[in-house]
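Architecture and fold: a report
The chain contents come next:
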Amino acid sequence: MSHTTGQAIAMIIYFVAMIIIGLWAYTRTKNLDDYMLGGRDLNPTVAALSAGAADMSGWLLMGLPGALYVAGIVEGWIAVGLTVGAWINWKVTAPRLRSYTQVVDSITVPSFLGTRLKDTSHLVRIVSGVIIFVFFTFYVSSGMVAGGTFFEAAFGMDYHLGMTIVAGVVVLYTLVGGFLAVSWTDMVQGIMMLLALLLVPIAGVIAIGGFGALAEGVNATNPDFLNLLGGKGGIYIISNLAWGLGYFGQPHIIVRFMALRSPKEAKAARRIGIGWMILSVAGAGGTAIVGIAANHFNIWKVVNDQAESVFILSGQKLFPALIAGFMLAAILAAIMSTISSQLLVTSSAVVEDVLNAKGNRSRDAASGIILGRIAVLTVAVLAAIFAWLRTDSILNLVAFAWAGFGAAFGPIIILALYWKKLTWKGALAGMLAGAVTVGVWGTFKWFDLYEIIPGFALALLAAYVVSKLTYTYDAQIDSQFDQAVRLSTATKEEIDAELGSFQQTHPRFDVSGAVYQG
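Residues numbered from 1 in each chain as written. Predicted model: local features only at pLDDT ≥ 70, side-chain atom pairs only at ≥ 80, totals over all residues. Heavy atoms only, no water.

Side note on the layout of surface pockets
- One number sums up the size of the second largest pocket: a volume of about 310 Å³.
- In terms of lining residues, the second largest pocket is bounded by 15 residues, among which Ile73, Gly76, Ala79, Val80 and Val281 are the most central.
- Of all the secondary-structure elements, those providing two or more residues to the lining of the second largest pocket are helix 4 (63-71), helix 5 (77-103) and helix 12 (266-296).
- Of all the elements, helix 12 adds the most residues to the lining of the second largest pocket, at 5 residues.
- Across the lining of the second largest pocket, the residue classes tally to 12 nonpolar, 3 polar and no charged. (1 Å grid on protein atoms, 1.4 Å probe; cavity = no way out; pocket = protein on both sides within 12 Å on 5 of 7 lines; lining within 4 Å. Points joined across faces, edges and corners; volume = space filled by probe spheres on them. Helix = DSSP H or I, 4+ residues; strand = E, 2+ residues; numbered from the N terminus. Nonpolar A, V, L, I, M, F, W, Y, C, P; charged D, E, K, R; others polar.)

Focus: a nonpolar patch on the surface
- Residues Ile235, Val436, Val440, Phe444, Trp446 and Phe447 make up a contiguous nonpolar surface patch of about 620 Å² in total accessible area.
- With 3 residues, the single largest contributor to the nonpolar patch is helix 17 (residues 424-444).
- Turning to its location among the elements, Phe444 is positioned in helix 17. (Patch = residues over 30% accessible without salt bridge, like charges linked within 9 Å, V, L, I, M, F, W, Y side chains within 5 Å. Areas by Shrake-Rupley, 256 points an atom, 1.4 Å probe, with all protein chains shown as cover. Salt bridge = Lys/Arg side-chain N within 4 Å of Asp/Glu carboxyl O.)

Overview of the packing of aromatic side chains
- Applying the stated criterion across every chain, the model contains 18 aromatic pairs.
- Note on Tyr100 and Phe481: the rings are 6.1 Å apart at their centroids and 80 degrees apart in plane angle, and the pair reads as edge-to-face. Residue Tyr100 is located in helix 5, and its partner Phe481 is located in helix 19 (residues 475-487); the two are separated by 381 residues in the primary sequence.
- Tyr100 sits in the buried class, given a relative accessible area of 0%.
- Site record: aromatic cluster; members linked through ring pairs are Tyr14, Phe15, Phe150, Phe151 and Phe155. (Phe/Tyr/Trp six-rings, centres within 6.5 Å; stacked < 30°, edge-to-face > 60°. Buried < 20%, exposed > 50% of the residue type's maximum accessible area, 1.4 Å probe, protein only.)

A closer look at a positive patch on the surface
- On the surface, a cluster of positive charge is made up of Lys91, Lys264, Lys267 and Arg271.
- Here Lys267 lies in helix 12. (Lys, Arg positive; Asp, Glu negative; His and termini not counted. Charge placed at Lys NZ, Arg CZ, Asp CG, Glu CD.)

Observations regarding the pattern of salt bridges
- Under the defined criterion, the tally for this structure stands at 7 salt bridges.
- The partner of Asp474 in a salt bridge is Lys118, with the nearest N and O atoms 3.0 Å apart. Taken together, the positions of Asp474 in the loop between helix 18 (452-470) and helix 19 and Lys118 in the loop between helix 6 (109-116) and helix 7 (123-155) put the pair 356 residues apart, joining distant regions of the chain.

Quick notes on helix 3 (residues 44-56)
- Here helix 3 is 13 residues long and its end C-alpha atoms lie 18 Å apart, about the 18 Å a rise of 1.5 Å per residue gives.
- Helix 3 sits mainly inside the fold: 12 of its 13 residues count as buried.
- Those residues of helix 3 that fall on the buried side of the exposure criterion are Pro44, Val46, Ala47, Ala48, Leu49, Ser50, Ala51, Gly52, Ala53, Ala54, Asp55 and Met56.
- Among the residues of helix 3, the N-terminal cap falls to Asn43, whose side-chain oxygen and the backbone nitrogen of Thr45 are separated by 3.0 Å.
- In the segment just after helix 3, Ser57 is the residue with positive phi, at about 55 degrees. (Expected span 1.5 Å × (residues − 1). Polar contact = N/O pair within 3.5 Å; in protein donor to acceptor, adjacent residues only side chain to side chain.)

In structure tokens:
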């Protein structure tokens, strides 16, 4: 078996497995809540690993090892910021968001904000839905570009053919299976990513001749590899750490919190998710170190302009064809898991938060699912058009979009969960302040400071000030807030029992101005 044939077989097995999971999820999808949130029935392992896989994308297997390979451990500050931010997000946001979204009967971030704040103008929901649609269309497109580039680099395949294959498979299982398919495929992809990132450095150390030879090769190539400052300034390090702020506002990540079986299980999910993240980041660092030493001893070569391929090249050199193919599939898994998650969140934003902005959830289950699938297909086609043109600015928008979502939604989510006096006008002011600040600051790059820092701060300030000026007491908002806090440590049985009793005497608020029972 040739090396190329073995790798191709591994790819085919991977693609077929993803489609099978999508078809299985199709049989479990009965209504729009199932399609968008999997019936709120994710166990901690699936929730944690799918959130991690949706988050990290190809950056974990290509971008981070490449940056460490070239510049040393100073490039790891971003990983530190992301790990700390993810831990705080699971700790602070997950349990209360899970309980609160069930209290107000919401299945998306914008619908949660609209119902939580009694936004009779519908502006919070519509504006946030449009923000998600616009940014994630480009985000999905960038993932398709990455998929096409991957096939081009790994197999010499035509870019457009590779992009079409990636887009076709990921759209198929997302279109058919919805949230359940995305979550389970993301879990499988997360396991693949972790195993690949651990196996490459382990096999690499053995191939190089042990830790002594590893240290010798790294010191000879880059004596400053372990320098935590690496000649960078304080603003650079602060900006990298600030990536962690973005977690609180990433819809494709926090939607996993809403889908947990219960708020109580957020604790177990946090431990699993952060454990996965620490091991994966360590594996990425180990891959870079092994690549440096291997290059020094001429075991295999990775030049600096191919630094982001250090994982690919190392896997191809260290393992037989079939296993190397699964290593390549792990990169594809990272890319596809992010695309699928963003595609589904964008779909939910269109159906639930723009078309259903007035809170009308009355349409039958079948039509709700059909609308969701039409939205997935629409976003996918738009994203594919941009990806086909291979516009570089789309890739550059990924970092910008992370800051945009983090600044526009992050402060509002935190305030909505922990401050009763947040108003819909304050939330709208904060969202707009965060998005505009990121746009302006990101354009002019003042002080080389990552735009999420001023964006997050100004969004928080605007939301607080406007809410203080526009706040009026509302008994139902206070009652729902207290209910969500009480249920934030509840089991599934407890939350279902209490909410069932609560909702018989407290009809859910419909932002059209009426009340309705679930």
